[in-house]
Amino acid sequence: MNVPLNEFNDEQKLWYGLLVASATKADGEVDSSEVEFLIKALHFLGDKQKKQVNQYLKADGISKKLSKIPEGTTKKQLAIVFTELIWIIVSDGKLTKNEVRFIKTISGWFGFDEAYYKKTLHWGEQMLKAEKYRRALVNNA
């Protein structure tokens, strides 16, 4: 996890935890590799916040309330969160149309322009290739 959660207040931590939950369910399936990110994010939350994230995981869709970025969140922190969300999405070795739409939506919420979105999506596609290669190495060991 590259997100500096130690710099986040409780509101920012919950918001991030809900974004991670959103990324894990963006393709309609929750893979064990995505769950690892969720567990790490939940580790920084209090019991009440953990319950909120667990309830959100059971709900359908992605909450538009997450488009409200917590006060004090910097553009650099948004970029770190954004790339982390992409990494979560590709960690299961695939990138679906729903996940690409999710990434596009988050990019808009975060105020990133089209060029930045395309660059980060390209980075995600490269990470996907690397993850597929890693899996092949493990399978061929």
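To start, this report covers the structure provided alongside it.

1. Points about the overall build of the protein chain
Moving on, step 1. Each helix and strand counted, the protein chain has 6 helices and 0 strands in total.
Moving on, step 2. Reading the helices (α) and strands (β) of the protein chain from amino to carboxyl end gives α-α-α-α-α-α.
Moving on, step 3. The C-alpha atoms of the protein chain give a radius of gyration of 15 Å, which matches the 14 Å a tight globule of 141 residues would have.
Moving on, step 4. In terms of overall dimensions, the protein chain has C-alpha extents of about 45 × 35 × 30 Å along its principal axes.
Moving on, step 5. Within the protein chain, the proportion of its 141 residues that are buried is 43%.
Moving on, step 6. Considering only residue pairs separated by 6 or more positions, the protein chain has 77% of its internal contacts joining residues 24 or more positions apart.
Moving on, step 7. When the accessible surface of the protein chain is summed, it comes to about 8,100 Å², and 53% of that surface belongs to carbon and sulfur atoms.
Moving on, step 8. For the protein chain, the distance from the average position of its 22 positive side-chain charges to the average position of its 18 negative side-chain charges is 2 Å.

2. Re the side chain of Asp-27
Moving on, step 1. Mapping Asp-27 onto the fold places it in the loop between helix 1 (10-24) and helix 2 (32-42).
Moving on, step 2. Here Asp-27 falls in the buried class, since its relative accessible area comes to 12%.

3. Topic: the packing of aromatic side chains
Moving on, step 1. In total, this model carries 6 aromatic pairs according to the counting rule given.
Moving on, step 2. The interplanar angle of 55° and the centroid separation of 5.3 Å between the aromatic rings of Phe-82 and Phe-112 together place this pair among those described as tilted. With Phe-82 in helix 4 (residues 75-90) and Phe-112 in the loop between helix 5 (97-109) and helix 6 (114-139), the pair connects residues that are 30 residues apart, well separated along the chain. Taken individually, Phe-82 and Phe-112 each receive the classification buried, so the pair is uniform in this respect.
Moving on, step 3. Grouping aromatic residues by their ring pairs yields a cluster made of Trp-15, Phe-82, Phe-110, Phe-112 and Tyr-116.
Moving on, step 4. The positively charged end of Lys-104 is found above the aromatic ring belonging to Tyr-117, 4.5 Å away from the centroid.

4. Concerning the environment of Leu-95
Moving on, step 1. With respect to the element layout, Leu-95 can be found in the loop between helix 4 and helix 5.
Moving on, step 2. Leu-95 sits in the partly exposed class, given a relative accessible area of 24%.
Moving on, step 3. Between the C-alpha atom of Leu-95 and that of Glu-125, which follows or precedes it by 30 residues, the distance is 7.9 Å.
Moving on, step 4. Aside from chain neighbours lying at most four places away, what touches Leu-95 is Ile-89, Val-90, Val-100, Ile-103, Leu-121, Glu-125 and Leu-128.

About the thresholds
Residues numbered from 1 in each chain as written. Predicted model: local features only at pLDDT ≥ 70, side-chain atom pairs only at ≥ 80, totals over all residues. Heavy atoms only, no water. Helix = DSSP H or I, 4+ residues; strand = E, 2+ residues; numbered from the N terminus. Rg over C-alpha atoms; globule rule 2.2 N^0.38 Å. Buried < 20%, exposed > 50% of the residue type's maximum accessible area, 1.4 Å probe, protein only. Contact = heavy atoms within 4.5 Å. Areas by Shrake-Rupley, 256 points an atom, 1.4 Å probe, with all protein chains shown as cover. Lys, Arg positive; Asp, Glu negative; His and termini not counted. Charge placed at Lys NZ, Arg CZ, Asp CG, Glu CD. Phe/Tyr/Trp six-rings, centres within 6.5 Å; stacked < 30°, edge-to-face > 60°. Lys NZ or Arg CZ within 6 Å of the ring centre and 35° of its normal.

Just distances and angles here, no functional claims.
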